[in-house]
Amino acid sequence: MELLLARENKNQKPKKIDLESIDLSNKFIYFDRENSHKDIVKMVEYFEEKGLSVYLKEVKFGLDDEDYMYEAHIM
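No experiment lies behind these values; they were computed from the predicted model shown.

> Could you give an account of the overall build of the chain, with specific residues and numbers?
Scanning the chain from N- to C-terminus turns up one helix and five strands. For the chain, the succession of helices and strands along the chain, N to C, is β-β-β-α-β-β. Principal axes of the C-alpha set define a box for the chain whose edges measure 35 × 25 × 20 Å. Across the chain, every contact between residues at least 6 apart in sequence was considered, and the portion connecting residues at least 24 apart equals 47%. For the chain, the exposed area adds up to about 5300 Å²; of that, 48% sits on carbon and sulfur atoms. Averaged over its 12 positive side-chain charges, the chain has a centre that lies 2 Å from the centre of its 17 negative ones.

Structure representation (structure tokens):
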């Protein structure tokens, strides 16, 4: 399954990443708002099946309703 990483710039397109290629040395991973909620839940389930704990939250960075990203803390 592919997910979209968070944009570094508001006008930039998000980069795609495959679940298996996520570097777990980075404990915090930020995903773009264009990911469906279903895909984000599948990502959490994928890592929990591997015996890892995942804490997920929405991070708002502006006043607009579309100014948010998903933050996953994987331990």
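> Now, about the pairing of strand S5 (residues 68–74): what can you tell me, with residues and values included?
Counting buried residues in S5 gives six out of seven residues, a clear majority hidden from the surface. Bridge count for strand S3 (residues 28–31) against S5 is four bridges, and the pairing is antiparallel. Bridge pairing links Phe 28 to His 73 in S5. For strand S4 (residues 54–60) and S5, the ladder comprises seven bridges, and the chain directions are antiparallel. The partner of Tyr 55 across the bridge, within S5, is His 73.

> Describe the sheet that holds S5, and please don't skip the residues or the numbers.
As summarised here, the arrangement of the three strands in space is S3-S5-S4, forming an open sheet in which the pairing is antiparallel. The strands lining the two open edges of the sheet, one partner per strand, are S3 and S4. Along the sheet, successive strands turn relative to each other by an average axial angle of 25 degrees, direction set aside. Relative to S4, helix H1 (residues 37–49) is tilted by about 150 degrees, and along the sheet it contacts S3, S4 and S5.

Criteria and thresholds
- Residues numbered from 1 in each chain as written.
- Predicted model: local features only at pLDDT ≥ 70, side-chain atom pairs only at ≥ 80, totals over all residues.
- Heavy atoms only, no water.
- Helix = DSSP H or I, 4+ residues; strand = E, 2+ residues; numbered from the N terminus.
- Contact = heavy atoms within 4.5 Å.
- Areas by Shrake-Rupley, 256 points an atom, 1.4 Å probe, with all protein chains shown as cover.
- Lys, Arg positive; Asp, Glu negative; His and termini not counted.
- Charge placed at Lys NZ, Arg CZ, Asp CG, Glu CD.
- Buried < 20%, exposed > 50% of the residue type's maximum accessible area, 1.4 Å probe, protein only.
- Pairing = 2+ DSSP bridges.
- Axes fitted to C-alpha atoms, helices over the stretch in contact; angles between N-to-C directions.

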